[in-house]
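# Examining the three-dimensional arrangement
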Amino acid sequence: MKSIVKDVVSLCLYLAIILGCTYLAVNYVAQRTAVEGSSMQPTLYDGDNIIVDKLTYQYREPRRYDIIVFPYRYERDTYYVKRIIGLPGEKVRIDTHGTIFINDEALDEHYGTETIRQPGNAFTPRILGKDEYFVLGDNRNDSTDSRDASVGLVRRADIIGRALLRIYPFTSIGIIESD
C-alpha cells in the first residue's frame, strides 16, 4: 500500500513538473504560429508553421531585417509576421518608384521581390519614435504592413518575438534567415 501511494505521489509530481515546464516554455520561451496568406513570400508561405523565439528580445533590441510576430490591434488572436525595415529614431520614406529610403539614403535590400507600387502612408516621411519599428512584408504588393494605417508603426512592447524556425511543411524545416 505504501508503495502505491509513493508511486502516485511520484507520478503527480512528475506531471506537475512537465506541466510547469510546458507553461513556462509556451509563455516565455517560444510559441508556434501558423502563417496565413502570401505577404511574406518567398520567405514564408501560406500554411507554414513557425516557432517564434520570445527570449532573444529580452537580451537585445530587434534588428533591421528581423522577421517579427506581433498582434493585429483590431482582431483578437490574430498575429502578423513581417520584416523590420525601419528602426527607432530613423526617418522612413518610400518614393513613387518604390525605393525605400532610411534617413534619406536608399536602402540596399533584397527581400522585396518586386517594385513597391503603393507607398501608402510611407510616401510622406515617417520619423519613428524611440520604441517604434517600420515593418514590411516580403511580398510588398500583397502585404498589409506599416504602410497601411490599420497596422502602422509597431511598438517595441507589442513585439512577441522573432521568427526562428520553420517546422512545417516537413520538407522545408529549418532556420529562418533574417539577414
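Rules of the game
Residues numbered from 1 in each chain as written. Predicted model: local features only at pLDDT ≥ 70, side-chain atom pairs only at ≥ 80, totals over all residues. Heavy atoms only, no water. Helix = DSSP H or I, 4+ residues; strand = E, 2+ residues; numbered from the N terminus. Rg over C-alpha atoms; globule rule 2.2 N^0.38 Å. Contact = heavy atoms within 4.5 Å. Areas by Shrake-Rupley, 256 points an atom, 1.4 Å probe, with all protein chains shown as cover. Lys, Arg positive; Asp, Glu negative; His and termini not counted. Charge placed at Lys NZ, Arg CZ, Asp CG, Glu CD. 1 Å grid on protein atoms, 1.4 Å probe; cavity = no way out; pocket = protein on both sides within 12 Å on 5 of 7 lines; lining within 4 Å. Points joined across faces, edges and corners; volume = space filled by probe spheres on them. Nonpolar A, V, L, I, M, F, W, Y, C, P; charged D, E, K, R; others polar. Patch = residues over 30% accessible without salt bridge, like charges linked within 9 Å, V, L, I, M, F, W, Y side chains within 5 Å. Salt bridge = Lys/Arg side-chain N within 4 Å of Asp/Glu carboxyl O. Buried < 20%, exposed > 50% of the residue type's maximum accessible area, 1.4 Å probe, protein only. pLDDT = per-residue confidence, 0-100. Pairing = 2+ DSSP bridges. Phe/Tyr/Trp six-rings, centres within 6.5 Å; stacked < 30°, edge-to-face > 60°. Polar contact = N/O pair within 3.5 Å; in protein donor to acceptor, adjacent residues only side chain to side chain. Core = buried A, V, L, I, M, F, W, Y, C linked by side-chain atoms within 4.5 Å.

## Overview of the overall build of the protein
Scanning the protein for helices and strands turns up 2 helices and 12 strands. Ordering the α and β elements of the protein from the N terminus gives α-β-β-α-β-β-β-β-β-β-β-β-β-β. By the compact-globule yardstick of 16 Å for 179 residues, the protein is too spread out, its C-alpha radius of gyration being 20 Å. With the C-alpha coordinates of the protein rotated into their principal frame, the extents come out at 80 × 35 × 30 Å. Partitioning the contacts of the protein with sequence separation of at least 6, the portion at a separation of at least 24 is 61%. Entry remark: accessible area of the protein is about 10700 Å², with carbon and sulfur atoms responsible for 55%. When the 22 positive and 25 negative side-chain charges of the protein are each reduced to one mean point, those points stand 6 Å apart.

## Examining the layout of surface pockets
Computed from the structure, the largest pocket encloses a volume of approximately 340 Å³. What lines the largest pocket is a set of 16 residues, among which Val-35, Glu-36, Tyr-79, Tyr-80 and Val-81 lie closest to the centre. Of all the elements in the fold, those that place two or more residues in the lining of the largest pocket are strand E1 (30-34) and strand E4 (79-86). If one sorts the elements of the lining of the largest pocket by residue count, E4 sits on top with 4 residues. A per-class count over the lining of the largest pocket returns 6 nonpolar, 6 polar and 4 charged. The calculated volume of the second largest pocket comes to roughly 160 Å³.

## Some remarks on a nonpolar patch on the surface
Together, Leu-11, Tyr-14, Leu-15 and Ile-18 line one region of the surface with nonpolar side chains, adding up to about 400 Å² of accessible area. By secondary structure assignment, the location of Leu-15 is in helix H1 (residues 2-29). You can call Leu-15 partly exposed: its relative accessible area is 44%.

## Some points on the confidence of the model for the protein
Caution applies to low-pLDDT parts of the model: their predicted coordinates are not meant to be read in detail. Of the residues in the protein, 96% have a pLDDT of 70 or more, and the chain-wide mean is 90. Looking across the protein, the model is least confident in H1, with a mean pLDDT of 77, and most confident in strand E9 (residues 132-136), with 97.

## Topic: the sheet that holds strand E5 (residues 91-94)
In space, the 4 strands of this open sheet follow the order E7-E6-E5-E8, with antiparallel pairing throughout. In the strand order of this sheet, the two ends are held by strand E7 (105-106) and strand E8 (126-127), each with one partner. Here strand E6 (residues 100-102) runs beside E7; their pairing, made up of 2 bridges, is antiparallel. Note that in E7 the partner of Ile-102 across the bridge is Glu-105.

## Digging into the packing of aromatic side chains
In total, this model carries 5 aromatic pairs according to the counting rule given. Centroid distance Phe-70 to Tyr-80: 5.9 Å. Interplanar angle 65°. Geometry classified as edge-to-face. Of the two residues, Phe-70 sits in strand E3 (residues 67-71) while Tyr-80 sits in strand E4, which places them 10 residues apart along the sequence. The two residues Phe-70 and Tyr-80 agree in class, both being buried. Centroid distance Tyr-72 to Tyr-74: 5.7 Å. Interplanar angle 75°. Geometry classified as edge-to-face.

## A look at the side chain of Ser-146
Looking at where Ser-146 falls in the secondary structure, it is placed in the loop between E9 and strand E10 (154-155). A relative accessible area of 0% places Ser-146 in the buried class. At a separation of 2.8 Å, a polar atom in the side chain of Ser-146 contacts the main-chain amide nitrogen of Val-135. A polar contact of 2.8 Å, which involves the side chain of Ser-146, links it to the backbone oxygen of Gly-152.

## Things to note about the nonpolar core
Burial of nonpolar side chains together is a common tendency in soluble globular proteins. Ranked by internal contacts, the top residues of the largest apolar core, which has 14 residues, are Ile-85, Ile-94, Ile-100, Ile-102, Leu-107, Phe-134 and Leu-136. Mapped onto this core, the elements with two or more residues apiece are E5, E6 and E9. Residues within four places of Leu-107 in sequence aside, it is in contact with Arg-64, Tyr-65, Ile-85, Ile-100 and Ile-102.

## Re the side chain of Ser-150
Turning to its location among the elements, Ser-150 is positioned in the loop between E9 and E10. A polar contact is formed between the side chain of Ser-150 and the side chain of Asp-148, at a distance of 2.7 Å. Beyond its immediate sequence surroundings of up to four residues, Ser-150 is in contact with Tyr-72, Arg-73, Tyr-74 and Thr-144.

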